[in-house]
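Read off the chains here:
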Amino acid sequence: MGWWYNDRGENMLKGVKGDSNNPIRLQDDFILYCLRTSRQARTEFEQIVPTMLSDEQTRLSTLIAENPGPSQLFSDPQDVEDNFQRVMNTQGVRTRMPTR
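Turning our eyes to something else, we now look at the overall build of the protein. Helix and strand content of the protein: five helices and zero strands. When the helices and strands of the protein are listed from N to C terminus, the series reads α-α-α-α-α. Scored against the burial criterion, the 100 residues of the protein give a buried share of 28%. As presented, the protein carries roughly 7700 Å² of accessible surface, and 50% of it is formed by carbon and sulfur atoms.

Here you go:
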């Protein structure tokens, strides 16, 4: 089926806050967690959101925009790891030299 669909084929990204006819199916923090940790989830998210209702698209785009570090939300995890390793390897070593 896909990352964002349940066993019955329902899109779990659907829903609008405060709409009893179209309730939110997944909590925002779970969606963000999935987007941060899974490349496949990010890819499918980007494909599914444009096909959703306008109110649902607004909810999800607001969720992305209001989150700390939205530019890193869709970063490739390998790039994030490489940048971290680069910083760790180029910091330099400082030692205190003995005085005479």
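Having seen it, we continue.
Let us look at the packing of aromatic side chains. In the structure shown here, the tally under the stated rule is two aromatic pairs. With 6.4 Å between their ring centres and 75° between their planes, Trp3 and Trp4 make a pair best called edge-to-face. Trp4 gets classed as buried once you look at its relative accessible area, which sits at 2%. Among the aromatic residues, those joined into a ring-pair cluster are Trp3, Trp4 and Phe45.

Attention now goes to the packing of helix α1 (residues 28-37) against helix α3 (residues 54-65). In the contact formed by α1 and α3, the axes pass within 11 Å of each other and the chain directions differ by 65°. On the basis of their axis angle, the class for α1 and α3 is roughly perpendicular. Classified by chirality, the crossing of α3 by α1 is right-handed. Between α1, through Asp28, Ile31, Leu32 and Leu35, and α3, the contact on the second element is made entirely by Arg59, Leu60, Leu63 and Ile64. When the residues that make up the contact of α1 with α3 are grouped by side-chain class, the tally is six nonpolar, no polar and two charged.

This part covers the confidence of the model for the protein. For the protein, the mean per-residue pLDDT works out to 84, and 84% of the residues sit at or above 70. No element of the protein has a lower mean pLDDT than helix α4 (residues 70-73), which averages 53, and none a higher one than α3, which averages 93.

So, about α1. Helical periodicity: at 3.6 residues per turn, an α-helix aligns residues three or four positions apart in one direction. For α1, the complete set of buried residues consists of Ile31, Leu32, Cys34 and Leu35. Burial along α1 is one-sided: seen end-on, the buried residues are contained in an arc of 160°. With respect to the buried face of α1, the exposed residues turned more than 90 degrees away are Asp29 and Tyr33.

With that settled, consider the nonpolar core. Among the nonpolar cores identified, the biggest contains 16 residues, and Trp4, Leu13, Ile31, Leu35, Phe45, Met52 and Leu60 are the most heavily contacted of them. For this core, the secondary structure elements donating two or more residues are α1, α2 (39-48) and α3. It is α1 that contributes the most residues to this core, four residues altogether. For Leu60, the residues in contact, after removing those within four places along its chain, are Leu13, Ile31, Phe45, Val49 and Met52.

The rules behind the values
- Residues numbered from 1 in each chain as written.
- Predicted model: local features only at pLDDT ≥ 70, side-chain atom pairs only at ≥ 80, totals over all residues.
- Heavy atoms only, no water.
- Helix = DSSP H or I, 4+ residues; strand = E, 2+ residues; numbered from the N terminus.
- Buried < 20%, exposed > 50% of the residue type's maximum accessible area, 1.4 Å probe, protein only.
- Areas by Shrake-Rupley, 256 points an atom, 1.4 Å probe, with all protein chains shown as cover.
- Phe/Tyr/Trp six-rings, centres within 6.5 Å; stacked < 30°, edge-to-face > 60°.
- Axes fitted to C-alpha atoms, helices over the stretch in contact; angles between N-to-C directions.
- Parallel < 35°, antiparallel > 145°, perpendicular 65-115°, else oblique.
- Left-handed = near helix turned anticlockwise from the far one by under 90°.
- Contact = heavy atoms within 4.5 Å.
- Nonpolar A, V, L, I, M, F, W, Y, C, P; charged D, E, K, R; others polar.
- pLDDT = per-residue confidence, 0-100.
- Arc of directions from axis to C-beta.
- Core = buried A, V, L, I, M, F, W, Y, C linked by side-chain atoms within 4.5 Å.

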